[in-house]
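Fold and geometry: a report
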Amino acid sequence: MSTPQEFTFQTEIKQLLHILSHSLYQNNEIALRELISNASDSLNKWRHIQLTTPELRTDDPLQIVLEPQPEGRVLVIRDNGVGLTQAELIQNLGTIAHSGSKEFFQKLASRPATGDGAPDLSLIGQFGVGFYSAFMLADRVEVVTRSYQEEGAWRWESDGSGRFTIAPAEGDVSRGAEIRLHLKEGLDEFLNADRLKLIVRRYSTFVPHPILLADQPLNEQKPIWVEPKAQVTDEQHQAFYQWLTHRSSEQPLWHLHLSSDSPIQFHSILYCPPSNFELLGFGDLQHGLSLCAKRVLVQDDCRELLPEYLRFLHGVVDSADLPLNVSRETLQDHRLLPKLKKVLTRKVLDHLATLATESPEKFAKFTTQFGAILRTGMGQDFENRERIARLMRFYSTHTLGTGLSLPDDRAERRTCSLDDYVSRAVPGQEQIYYLAGSSLDSLDRHPHLEAFRRRKLEVLFLDDPVDEFALTQLGTYEGKTLISIDSADVKFPEASQPADEPARPPAPARFTRVVELFRGALDTLVADVRESDRLTESPCCLVNKQGTMSSQLQKVLATNMQGFEVSRRVLELNPHAPLIERLCELSANSENDEFIRDCGRQLHADALLLDGLIPQAEESTRRSLRFMEELSRSRSSILH
Ligand code: ADP
């Protein structure tokens, strides 16, 4: 007998094993689910290899066997799938960590493994490290295996403490893999047939191969997606969702069950998870749908079936028009895939539109979790732009009321759709107004809004840069141009002119002098200085010249694109603001010229600040210090 070769686990796997083997996690039955799932994957691979390489065909029935061995306190999970070669054992079970797994380890390591806020270990399968959950049940694990690619068989063994060994296996080992769990103290329940039945029924009903215990199949293997829609129960959907996603404690937010006979034949069930893992900082998770041909899995995680912006959906698509023996390489080019993608995308977007009207609460949840991903579709999917636009939701001057006290909880703030907006537009309104910025509160206080509030024109608030990109891509909606209200291209409809508003008095005398002084001071900083008719209270605001991008979009581009030059804007002055009126008076005396210029510089700096742009800070703070010194000199120290 040759001596076993010893190996050290890769560092992150070592950490993971430490957590798993010490966890008191009650849900340790998920380990069984993971091992059964691996066995099923291996059987799928074998079936596929046989289909594409007929000379390898065998007729042993593909199955998974559970075998409790009470005398040795061992639970065996056996499959007759592809098996593992020596190299695969070394790599897949010990030395190479799956790319997505690092985040999972970090999340696990940074929180206690039990009690409140415990990380959900049941997610383990999504990170490509499901095998290691065996150490939740066992203090010693053996894998005895023979690959279809090798003559010899191997025995992998570890106690989970940092090392594993590999040696040639003795005896007659048939193709496939046998996982031998030497159960931990106190886990004898995993030798109990009734308990095992329950676990399999709970987590593995949909495994597409028979799972046998004492020669009895435990699972139904029912492909619910080919059943008539009305016959599938909520419980079945929940179980199927949990099997697909490896998320044992979750219910899907919604599902969509589709069947079609022409022009392409397919059945499909799609599920939307209740929460977006990407928002929790897990990065992009494995995504894609399972593709089946006549109920047989052809490919997991098939990304070609849905666009990137619907990547959060899980599910299965089964088409009889797909040949069973299509290889993974040629599958990507198969002409059926783009057709399926088109139909599925359309159906999902239509379903969301229905959800929005029929279950607004569910739709609101959906928007909070996945709205931002969905909106990226506006730039990717020209054909469905309008459909996606219809699903966008915004806060606005209308939904947030007067804006004097915004509720702190975003969930309590109402949103509206573009259709809602259009239905409230005043007669003759040709544009849809929006304002982009970094927070709702600062948007709500923006001087640009004064004119719109006065005219009772609704303005949408965009507090996520994705929104503005999306709207820019869209350009128009229902014949109305989407426009940022800091643009000089803004047009006010006649009908919005407040009837009771007195005619605007002419600008005070010497206003042109103030404008001239401001122009001189801001020569290199602004495109122009001019009178404004949009302000009622604020002394000034910055407006974009005709045809230029909104300030926020420019800001985003400037931070992300090297060499992008922000275009200079127009400083508009409100001649009736108290400060400007006073400056007009003071301009009669040329000794005040420099002071007026300084006011111009400071107003400009403050306007930039309001837009979230940092003006030349040093100069601006020195100037405001000077103002304060001057003001304090004019105050008296004696109480009158
Ligand atoms: P994942 O299955 O998500 O890749 P695992 O940690 O569960 O992650 O398994 C790692 C790898 O080990 C699998 O990708 C597969 O190549 C191999 N493997 C695990 N179990 C089996 C099995 N029963 N038969 C063949 N290969 C297996």
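So, here is what we can say about the structure in this document. (Residues numbered from 1 in each chain as written. Predicted model: local features only at pLDDT ≥ 70, side-chain atom pairs only at ≥ 80, totals over all residues. Heavy atoms only, no water.)

This paragraph deals with the overall build of the chain. Assigned secondary structure in the chain consists of 21 helices and 22 strands. Radius of gyration (C-alpha) of the chain: 33 Å, far over the 26 Å computed for a compact globule of 640 residues. Dimensions of the chain along its principal axes, counting C-alpha atoms only, are 110 × 60 × 45 Å. Scored against the burial criterion, the 640 residues of the chain give a buried share of 51%. In the chain, of all internal contacts separated by at least 6 residues, the share reaching a separation of at least 24 is 73%. For the chain, the accessible area works out to roughly 31,100 Å², and carbon and sulfur atoms hold 50% of it. (Helix = DSSP H or I, 4+ residues; strand = E, 2+ residues; numbered from the N terminus. Rg over C-alpha atoms; globule rule 2.2 N^0.38 Å. Buried < 20%, exposed > 50% of the residue type's maximum accessible area, 1.4 Å probe, protein only. Contact = heavy atoms within 4.5 Å. Areas by Shrake-Rupley, 256 points an atom, 1.4 Å probe, with all protein chains shown as cover.)

Read across the open sheet, the three strands follow the order β20-β22-β21; overall the sheet is mixed. At either margin of the open sheet sits one strand with a lone partner, and together these are β20 (528-531) and β21 (540-543). Ignoring which end each strand starts from, the neighbouring axes of this sheet average 25° apart. Examined bridge by bridge, β20 and strand β22 (residues 570-573) share four bridges and lie parallel to one another. In the sheet register, Val529 faces β22, and the bridge partner there is Leu571. The sheet contacts of helix α17 (residues 511-521) involve β20 and β22, and relative to β20 the element is tilted by about 160°. (Pairing = 2+ DSSP bridges. Axes fitted to C-alpha atoms, helices over the stretch in contact; angles between N-to-C directions.)

The ligand sits among 14 residues. The nearest are Asn38, Asp79, Asn92, Gly128 and Phe131. A distance of 3.4 Å separates a nitrogen atom of the ligand from a polar atom in the side chain of Ser42. Backbone polar atom of Phe131 to an oxygen atom of the ligand: 2.9 Å apart, as the coordinates give it. When the ligand is considered free in solution it has 530 Å² of accessible area, and contact with the protein chains removes 82% of it. Secondary-structure elements contributing two or more residues to the shell around the ligand are α2 (30-52) and α3 (86-95). No other element matches the four residues that α2 contributes to the shell around the ligand. (Near = heavy atom within 4 Å. Polar contact = N/O pair within 3.5 Å; in protein donor to acceptor, adjacent residues only side chain to side chain.)

With mixed pairing, the five strands of this open sheet are ordered in space as β15-β17-β16-β19-β18. Each edge of the sheet is formed by a strand with only one pairing partner; in this case those strands are β15 (395-396) and β18 (476-477). Where strand β16 (residues 431-436) meets strand β17 (residues 459-462), four bridges bridge the pair, whose relative direction is parallel. Across the sheet, Ala436 pairs through a bridge with Leu462, a residue of β17.

To continue, consider the packing of helix α16 (residues 465-474) against helix α18 (residues 551-560). Angle between the axes and distance between the axes: these two values describe a pair of packed helices. Two elements in contact, α16 and α18, have axes separated by 10 Å at closest approach and are oriented at 110°. Put simply, α16 runs roughly perpendicular to α18. Considering how the two elements wind past one another, α16 and α18 form a crossing that is left-handed. Each of Pro465, Glu468, Phe469 and Thr472 in α16 lies in contact with α18, whose residues at this interface are Gln552, Leu553, Val556 and Leu557. (Parallel < 35°, antiparallel > 145°, perpendicular 65-115°, else oblique. Left-handed = near helix turned anticlockwise from the far one by under 90°.)

A few words now on the state of the cysteines. The full count for this structure, using the stated rule, is zero disulfides. Left without a disulfide partner, Cys292 is nearest to the cysteine sulfur of Cys302, which lies 11 Å away. (Disulfide = S-S within 2.5 Å.)

Here helix α9 (residues 336-358) crosses helix α10 (residues 360-375) at 140°, and the two axes come no closer than 8 Å. Classified by the angle between their axes, α9 and α10 sit oblique to one another. In this structure, α9 crosses over α10, and the sense of that crossing is left-handed. For the pair α9 and α10, contact is made by Leu349, Leu352, Leu355, Ala356, Thr357 and Glu358 and by Pro360, Lys362, Phe363, Phe366 and Leu374, respectively. Residue classes in the contact of α9 with α10 are distributed as eight nonpolar, one polar and two charged. (Nonpolar A, V, L, I, M, F, W, Y, C, P; charged D, E, K, R; others polar.)

Right, let's talk about the pairing of strand β10 (residues 254-260) for a bit. With respect to burial, β10 is a largely interior element, five of its seven residues being buried. Remark: five residues form the turn of the hairpin made by β10 and strand β11 (residues 266-272), two consecutive strands paired antiparallel.

Let's shift gears to the pairing of strand β6 (residues 163-168). Relative to β6, strand β1 (residues 5-8) runs antiparallel, the two sharing four bridges. The partner of Thr8 across the bridge, within β6, is Arg163. Pairing between strand β5 (residues 154-158) and β6: five bridges, direction antiparallel. What sits directly across from Ser158, in β6, is Phe164. Where β5 folds back onto β6 in an antiparallel hairpin, the turn is made up of four residues, including Gly160, whose phi is positive at roughly 75°.

This brings us to the pattern of salt bridges. The tally for this structure, following the rule as stated, stands at 36 salt bridges. With a closest N to O distance of 3.1 Å, Arg33 and Glu34 form a salt bridge. Exposure class is identical for Arg33 and Glu34. Each is buried. Here the salt bridges do not stand alone but share partners, grouping Glu67, Arg78, Glu142, Arg155, Glu178 and Arg180 into one network. (Salt bridge = Lys/Arg side-chain N within 4 Å of Asp/Glu carboxyl O.)

Helical periodicity: at 3.6 residues per turn, an α-helix aligns residues three or four positions apart in one direction. In this model, helix α21 (residues 617-633) (17 residues) spans 24 Å end to end at C-alpha, consistent with the 24 Å of a helix rising 1.5 Å per residue. Residues of α21 that are buried: Ser620, Arg623 and Phe627. Taken down its axis, α21 places every buried residue within 65° of arc, on the same side. In α21, the exposed positions angled more than 90 degrees off the buried face are occupied by Glu618, Met628 and Arg633. (Expected span 1.5 Å × (residues − 1). Arc of directions from axis to C-beta.)

One broad rule of soluble globular proteins: the nonpolar side chains tend to lie buried together. Counting residues in hydrophobic clusters, the biggest one holds 72 residues, and the most contacted among them are Trp254 and Phe366. Among the elements that take part in this core, α9 stands out by supplying nine residues, more than any other. Of the residues that make up this core, three or more belong to each of domain 2 (224-356) and domain 3 (392-496). Sequence-distant contacts of Trp254, defined by excluding residues within four places in its chain, comprise Leu270, Tyr271, Cys272, Leu313, Val348, His351, Leu352, Leu355 and Phe366. (Core = buried A, V, L, I, M, F, W, Y, C linked by side-chain atoms within 4.5 Å. Domains from an automatic or database assignment.)

Next up on the list: the packing of aromatic side chains. Summed over all chains, the structure comprises 22 aromatic pairs. Measuring from ring centre to ring centre gives 6.5 Å for Phe206 and Trp243, while their planes differ by 40°; the resulting arrangement is tilted. You can see Phe206 sitting in the loop between α6 (193-203) and β8 (211-213) and its partner Trp243 sitting in helix α7 (residues 234-245), a full 37 residues away along the chain. Judged by centre distance (5.7 Å) and plane angle (65°), the ring pair of Tyr241 and Tyr271 falls under edge-to-face. In this pair, Tyr241 sits in helix α7 while Tyr271 sits in strand β11, placing the two residues 30 residues apart along the sequence. For Tyr271, a relative accessible area of 0% puts it in the buried group. An aromatic cluster is present here, built from Phe7, Phe9, Phe131, Tyr132, Trp156 and Phe164 joined pairwise through their rings. (Phe/Tyr/Trp six-rings, centres within 6.5 Å; stacked < 30°, edge-to-face > 60°.)

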